[in-house]
Amino acid sequence: NKTKACQTWIRVLESGRMRVRMRGAASLALALCCAGIAACAVPRSTRLAGAHGPLLQPRPLRLKGGGLPFGLGAAKDTREYKALLEESQGRLPIAPRGTMQRTVATEGSVTIKFFINYGLQEGNIVAVGQHAALGRGDPHKAPKFERVSGELWEASVEVPLSEKVLHYYYVVLSTSQPRSEARVSDRAISLAGLAPGDVLEVTDSFRSPKVASMATSCFSRAIFGRGAQEVDTETENTQAKHEDVLWANQEVVKEDGSDEVSVRFSLLAPRVKAGHSVWATGNAAALGQWNEGKALPMVHTGDRIYVGQLLVKRSDLPLEFKFLIKDAEGQVAVNEGGDKRKGTVGKGAVAALFDSAFVYPVATYRTAGVAIPVSGIRSKEQMGMGEFPDLKLMVDWCVKTGLQMIQILPINDSGEDPSPYSASSSFALHPSYIRPLEVCEYYEKTLGLDLAGIRGWATGLVAKLNGNLRIDHPRVMAEKGKLIEAIYDKVGQKAAMADPEFCKWLEESKSWSQTYAAFKVTLAKERGFNNKFHDCTTWRSRASDAPAITDPMGAEFDPVARVYFIQYHLHRQLLDATRYAEMNGVALKGDIPIGVTRCSADVWAEPRNFKLDRNAGAPGDPEQNWGFPPYNWDEMHKDNCNWWKRRLKHMEQYFHAYRIDHVLGFFRMWEIPSRGGPGEYVPSKGLREAGLRNLRAIQTASKMLICGEDLGNVPPEVPPVLTELGVLGLRIQRWCEGHTWKYDYLSVAASSCHDCSPCRLWWNQEWGSAEGWYNFFIGKGQCPGGPPDWVIQKIVNLHLESTSMLTINPIQDYIDCWDALRSPDPKNDMINVPGSTEGCWIWRCHKNMEDLIKEDPFNGFLKGMVTKAQRGHAY
């Protein structure tokens with residue numbers, strides 16, 4: 001037996017393509033020892049694959065460096081799964097380092113034949129990519145497909161092997177049915193392992209925005225991914241880059257005379273719960289011959305794309321296959337719906353790639369969330385308004401009630417303006433959201449400082465300010481400012497700047513923090529003598545002076561360092577809340593104002609991005625003048641919208657989804673000359689092209705789910721573009737037809753929002769509308785006053801049962817479902833009254849979150865409604 005094992009392993013290592021099963025790590029070590037081969041030839045990941053699991057089936061997937069396509073750790077909770085793998089032959093489709101490696105060709109070229117099924121009456125289909133063969137990003141220069149028959153289209157391109165990985169997406173060029181693929185998940189073909197002259201056949205499926213939107217970080221990082229905790233990743237598919245996935249060694253295949261082709265699967269499976277894994281099964285031996293216990297595990301190349309590979313004899317074609325998802329114990333969690341898939345390979349091809357999306361038995365996923373401004377969260381530890389750490393309490397409440405998303409208003413620095421939509425920076429966070437007590441705790445732990453005096457001062461202010469019904473913004477800002485200044489003085493500039501974590505943050509944020517700090521210091525000076533300080537284009541200093549202003553050896557560095565100090569701790573506290581949300585399967589949804597103010601670090605630093613001779617607004621009588629400069633999209637596109645990309649990458653640290661305020665402004669904006677005169681829509685035509693160009697630029701800048709506030713006078717070009725890109729629109733029942741069961745799937749259903757009255761107040765203020773709603777949706781008896789809690793329950797339930805992907809309702813409407821928890825006066829539940837400044841942006845929830853979390857009857861009732869509406873079910 002030892003001799004046999006030795007000879008077997010020699011053959012494996014020499015040929016790199018023998019199929020071998022061996023029981024036990026001991027026999028492997030013994031065989032290697034007998035063969036005189038050093039144990040280091042076997043990668044550590046192979047030795048950890050299991051004490052008894054056979055490890056090899058070298059023919060299928062190859063990864064550079066010999067990595068395994070399936071990660072199994074040593075945690076106790078995976079033992080049963082490992083045993084299952086052993087019973088099912090534990091076939092991990094990767095060989096140890098060196099057994100199948102060869103020099104990857106980078107000279108010469110290969111032919112790629114694309115096939116795609118798409119129903120199209122007129123027009124054409126093109127595959128667009130940055131390579132010259134795919135039009136260098138221009139759909140009109142990309143190769144046009146030819147209709148083979150029916151809905152099958154074909155095109156061939158020649159690509160140099162030096163390209164390594166080919167990235168592309170599909171565009172439908174048609175006057176009646178124009179459409180672009182939703183570009184959330186990266187569509188890529190690795191050429192590594194192919195030889196010059198090889199022919200690769202690629203059979204693609206057009207990616208629906210309904211499916212692609214589920215691959216955003218809203219789901220992959222938070223709701224399903226749960227923060228990629230180690231306990232989950234141990235049983236998930238191994239991560240690999242596209243370029244590290246190698247095609248089977250065709251030279252070896254040809255040398256032994258076998259007539260085999262390499263078949264690779266590329267599967268978009270966006271709904272995979274934490275700890276679960278994706279597998280392929282089918283009629284081939286390498287796929288387990290439909291035995292789920294012997295299915296082929298796949299690797300995860302990112303963005304919920306899973307790749308698997310095998311060698312198939314031509315005589316066994318067509319190949320039949322399907323996919324399945326297993327849980328952390330190795331049990332099948334869900335099988336694909338639909339018929340068996342079939343794939344074949346043309347005579348001249350040596351390899352084939354089949355791209356598709358997982359067919360879930362329940363085609364769509366729907367979930368629910370809550371909308372609340374951070375400032376409006378009430379807790380026992382805050383100082384007169386909601387703070388970033390309070391988001392953790394919101395997460396705890398969401399877990400109790402079955403909600404999976406928290407939507408907040410903008411949190412950027414808006415200076416003294418309480419409106420969160422008056423941003424003075426697109427990057428910096430508002431100082432009001434900081435919790436000084438946590439800053440004290442940080443330095444007590446890291447530096448061992450005695451901050452008892454400042455801690456007592458802060459605790460006193462918590463008691464003094466927390467009893468307020470409304471937010472006193474000026475006082476909160478002033479008191480917190482004094483506290484943070486005192487903490488900084490106690491820590492000292494030298495110690496603060498020497499903190500390794502602080503230094504790391506400063507380095508990573510320097511693309512905006514340096515300019516922002518210089519802006520804040522300059523603004524403070526300009527206020528002393530410039531009566532037009534609110535317009536930074538009138539300032540004496542320019543953004544080009546920022547390096548001098550922020551010079552650590554300069555005279556102004558102390559106030560600069562203080563700006564850094566508070567932004568660092570805001571970042572820490574928000575990021576901590578974000579990670580807590582992820583670990584609990586809750587996504588955070590941010591908000592992007594449609595513009596920035598003239599007194600902003602963005603306008604000061606990059607004025608070319610804005611039309612400073614105009615103001616944005618809206619037509620009407622009277623005309624609305626919002627006072628901020630419109631975006632200069634033509635200028636922005638000159639550097640591929642770099643400002644937007646930086647902004648969204650920064651935002652992506654904290655959020656999994658975001659709402660675009662007035663998304664119509666990405667298609668056209670009502671622009672009013674600053675010096676007077678009538679306004680006009682810009683552009684006045686070509687809205688589809690403008691919207692696609694602008695929204696696609698920001699969609700590809702991050703992995704966040706995009707939602708757009710598309711209320712008001714919506715041009716007909718807007719809804720198709722939003723649908724095409726997978727941007728969710730907004731549906732507020734009282735402002736549309738109200739048939740929640742007919743809402744578009746790619747939409748957010750909301751019972752109300754921050755710009756209108758909560759449902760209970762609406763019922764009292766607009767009796768005629770409320771009576772009409774009652775007669776249509778209930779139709780029994782006389783319309784009640786109040787209204788009673790069962791009416792609000794009906795409204796909320798209609799939204800939970802809607803056909804929208806998301807329903808996000810304000811916390812006021814949820815609380816009003818329970819009579820005993822309602823606020824004393826619904827008039828106090830308004831957040832903002834558009835067109836007014838009195839009483840706006842000062843709302844606080846009347847219930848402490850610590851107390852609301854303990855309201856078990858209410859929380860259980862709400863969770864029951866969410867569950868009954870089938871929201872939050874991954875499979």
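Higher on the page you've got the structure.
Counting of residues starts from 1 at the beginning of each chain's written sequence and follows it residue by residue. This being a predicted model, a pLDDT of at least 70 is required before a residue's local features are given, and a value of 80 or more before pairs of side-chain atoms are given or counted; all residues contribute to the totals for chains, interfaces and linings. Side-chain descriptors were evaluated using all non-hydrogen atoms of the structure, hydrogens and water having been removed beforehand.

K.L.:
Can you lay out the sheet that holds strand β16 (residues 305-313) for me, pointing to particular residues and giving the numbers?
P.N.:
Note on pairing: two strands pair once DSSP finds at least 2 bridges between them. A run of H or I in DSSP counts as a helix once it spans at least four residues, and a run of E counts as a strand once it spans at least two, with each numbered from the N terminus. Spatially, eight strands are ordered β4-β5-β2-β10-β20-β12-β16-β15 in an open sheet, and the strand pairing comes out mixed. Edge positions in the sheet fall to β4 (146-149) and β15 (299-300), since each has one partner strand and no second. Where strand β12 (residues 260-268) and strand β20 (residues 351-357) come together, seven bridges link them in parallel fashion. Paired with Leu 267 across the bridge in β20 is Ser 356.

K.L.:
Tell me what's going on with the packing of aromatic side chains, and back it up with residues and numbers.
P.N.:
Only Phe, Tyr and Trp rings are paired, with Trp represented by its six-membered ring, and only when their centres lie within 6.5 Å; those with planes under 30 degrees apart are stacked, over 60 edge-to-face, the remainder tilted. This structure, assessed with the given rule, holds 50 aromatic pairs. Here the aromatic residues Phe 427, Tyr 442, Tyr 443, Tyr 488, Phe 502, Trp 505, Trp 512, Tyr 516, Phe 565 and Tyr 568 are joined through ring pairs into a cluster of three or more. Note on criteria: charge over ring means Lys NZ or Arg CZ within 6 Å of the ring centre, with the direction from the centre no more than 35 degrees off the ring normal. Here the basic side chain of Arg 183 rests over the ring of Tyr 169, its NZ or CZ set 4.0 Å away from the ring centre. Residue placement shows Arg 668 over the ring face of Tyr 681; its charged tip is 3.6 Å from the ring centre.

K.L.:
Break down the environment of Leu 612 for me, citing the residues and quoting the values.
P.N.:
Along the polypeptide, Leu 612 turns up in the loop between α18 (601-605) and β24 (614-618). Considered as a pair, Leu 612 and Pro 629 are 17 residues apart in the sequence and their alpha carbons are 5.5 Å apart. Working rule for contacts: check all heavy atoms of both residues, and any pair within 4.5 Å makes them a contact. In this structure Leu 612 touches Thr 537, Arg 598, Val 603, Pro 607, Pro 629 and Ser 674, once residues within four positions along its chain are discounted.

K.L.:
So what about empty space enclosed by the protein? Which residues, and what values?
P.N.:
A cavity, in this analysis, means grid points on a 1 Å lattice covering only the protein atoms where a 1.4 Å probe fits yet has no way out; a pocket is instead an open set bounded by protein on both sides within 12 Å along at least five of seven lines, and a residue lines either one if it has an atom within 4 Å of a point. Grid points are joined across faces, edges and corners, and a volume is the space filled by probe spheres set on the points. Scanning all chains against the criterion turns up ten cavities of 30 Å³ or more. Going through the elements one at a time, β29 (705-708), β30 (729-732), β31 (747-750) and β32 (806-810) are the ones with two or more residues in the lining of the largest cavity. Broken down by class, the residue content of the lining of the largest cavity amounts to 14 nonpolar, six polar and three charged. For the lining of the second largest cavity, the per-class residue count stands at 14 nonpolar, seven polar and two charged. By the convention adopted, Pro, Cys, Tyr, Trp, Phe, Met, Ile, Leu, Val and Ala count as nonpolar, Lys, Arg, Asp and Glu as charged, and the other residues, Gly among them, as polar.

K.L.:
Go over the nonpolar core, please, and point to the residues and values.
P.N.:
Within the largest apolar cluster, 146 residues are counted, with the highest numbers of intra-cluster contacts made by Trp 397, Ile 406, Trp 644, Phe 666, Leu 695 and Ile 811. A total of 13 residues in this core trace back to one element, the largest contributor, which is helix α17 (residues 557-583). Residues within four places of Leu 695 in sequence aside, it is in contact with Ile 660, Val 663, Phe 666, Phe 667, Val 721, Leu 722 and Leu 725. By nonpolar core is meant a set of buried Ala, Val, Leu, Ile, Met, Phe, Trp, Tyr and Cys residues that side-chain atoms within 4.5 Å join together. Categorising residues by exposure relies on relative accessible area from a 1.4 Å probe, with only protein chains included: less than 20% of the type maximum marks a residue as buried, more than 50% marks it as exposed, and the intermediate range marks it as partly exposed.

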